[in-house]
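# A look at the structure
Each chain, written out:
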Amino acid sequence: MIKSIKYLSALNLINLANHLIGNNLTLIRNSNCESDFEQLFKWRPLKDGFEEAKIIQKPIFLLIHKPQCPSCQKLKKTFAKSVRLMDLSDRFVMIKTEMGSDVILDGPKFQPDDKYVPKILFFTSKGDFIKEAYNKHTDADKEHKYFYKSPSQIVDTMLYVLKEYSKEPLSVMFEHERPSKVDNHVVEDDIIAPTLLHWY
């Protein structure tokens, strides 16, 4: 009887240890994704980014998000995994801003189709909104045109903006680049739907 109790106690301790270690590993992985997202991309504040774009003559990549939004968190993880997106980001002024942090974000320039997050908008170096720079993928959300489900969809729009609105010519590598089959079919990395803010 005593041996059985000791055995069960040992099992409970092992299960507890596994549970704690597993939780800690999950926290570390999430923390690393958050850290990669912040460090691998040169994010600028909203107003500073628009001013910088005028000076260095680069188009603007604007990500509007909310910290507690599940789709936004998943998007951050996909950013950190995409080397192609990271390479192209150097050709843009990358701006990240939280919805609700500035009243200017409520204007039509920043809410062209609806209030939802995550949303990625593109602007010229002069700060003009590029309405045509939306998700044109066959699998895109037709009601929320500036929402992206995967990195390959974002890359396609970035290439479009660089080709049409950047003063720097695209390199041959980017000019003939096509989304890889892996990018298009890795379902677990896809973000299924945006977070609608009027439901939030």
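Each remark here, short or long, concerns the structure printed above.
Being a predicted model, the structure only gives us computed values, none of them experimental.

The number of helices and strands found in the protein chain is 7 helices and 6 strands. If you list the helices and strands of the protein chain from N to C, you get α-β-α-β-α-α-β-β-β-α-α-α-β. Out of the 200 residues in the protein chain, the part that is buried amounts to 40%. Considering only contacts in the protein chain between residues 6 or more positions apart, those separated by 24 or more positions represent 76%. Taken as a whole, the protein chain presents about 11,700 Å² of accessible surface, with 58% of it coming from carbon and sulfur.

A few words now on the pattern of salt bridges. A complete count under the given rule lists 6 salt bridges for this structure. We note a salt bridge from R44 to E52, for which the minimum N-O separation is 2.7 Å. E52 sits in the partly exposed class, given a relative accessible area of 22%. Close ionic contact of E51 with K54 constitutes a salt bridge, the shortest N to O distance being 3.9 Å. Placement of both E51 and K54 in helix α2 (residues 46–56) is noted, with a separation of 3 residues, approximately one turn of the helix. You can call E51 partly exposed: its relative accessible area is 46%.

Here the focus is the pairing of strand β3 (residues 93–98). Burial within β3 is extensive, with 5 of its 6 residues counted as buried. Bridge count between strand β1 (residues 43–44) and β3: 2 bridges; the pairing is parallel. Its bridge partner being in β3, W43 is matched across the sheet by M94.

Another aspect to go through is unusual backbone geometry. Generally, phi is negative for residues other than glycine and the peptide bonds are trans, each holding for most cases. Cis geometry marks the peptide bond from V117 to P118; its omega dihedral reads -5 degrees. Along the chain, the position of P118 falls in the loop between β4 (116–117) and β5 (119–123). In the Ramachandran plot, Q57 falls in the positive-phi region, its phi being about 60 degrees despite a non-glycine side chain. Here Q57 shows up in the loop between α2 and β2 (60–65).

For the coordinates displayed, the defined rule picks out 17 aromatic pairs. Aromatic pair F61 and F122: ring centres 5.2 Å apart, planes at 85 degrees, arrangement edge-to-face. Pair noted here: F61 is in strand β2 and F122 is in strand β5, with a separation of 61 residues, a long-range link. Plain terms: the ring middles of F129 and Y146 are 5.7 Å apart, the flat faces sit at 55 degrees to each other, and that makes the pair tilted. Pair noted here: F129 is in the loop between β5 and α5 (151–165) and Y146 is in the loop between β5 and α5, with a separation of 17 residues, a long-range link. Here the aromatic cluster, defined as three or more aromatic residues joined through ring pairs, consists of F37, F41, W43, F61, F79, F92 and F122. The ring of Y116 carries the charged tip of K119 above its face, separated from the ring centre by 4.4 Å. When the ring centre of Y134 is taken as origin, the NZ or CZ atom of K136, which lies over that ring, is 4.2 Å away.

Before going further, it helps to spend a moment on α2. Within α2, burial applies to L46, G49, F50 and A53. Down the axis of α2, the buried side of the element spans an arc of 100 degrees, and every buried residue falls inside it. Those residues of α2 that are exposed and angled more than 90 degrees off the buried face are K47 and I55. The inward-facing, buried residues of α2 abut β1, β2, β3 and β5. Looking one or two residues beyond α2, the residue adopting positive phi is Q57, at roughly 60 degrees.

Here we take up the environment of E164. Of note, E164 is situated in helix α5. Overall, E164 belongs to the partly exposed group, its relative accessible area being 47%. Sequence spacing of E164 and A133 is 31 residues, and the spatial spacing of their C-alpha atoms is 9.9 Å.

Conventions and cut-offs
- Residues numbered from 1 in each chain as written.
- Predicted model: local features only at pLDDT ≥ 70, side-chain atom pairs only at ≥ 80, totals over all residues.
- Heavy atoms only, no water.
- Helix = DSSP H or I, 4+ residues; strand = E, 2+ residues; numbered from the N terminus.
- Buried < 20%, exposed > 50% of the residue type's maximum accessible area, 1.4 Å probe, protein only.
- Contact = heavy atoms within 4.5 Å.
- Areas by Shrake-Rupley, 256 points an atom, 1.4 Å probe, with all protein chains shown as cover.
- Salt bridge = Lys/Arg side-chain N within 4 Å of Asp/Glu carboxyl O.
- Pairing = 2+ DSSP bridges.
- Phe/Tyr/Trp six-rings, centres within 6.5 Å; stacked < 30°, edge-to-face > 60°.
- Lys NZ or Arg CZ within 6 Å of the ring centre and 35° of its normal.
- Arc of directions from axis to C-beta.

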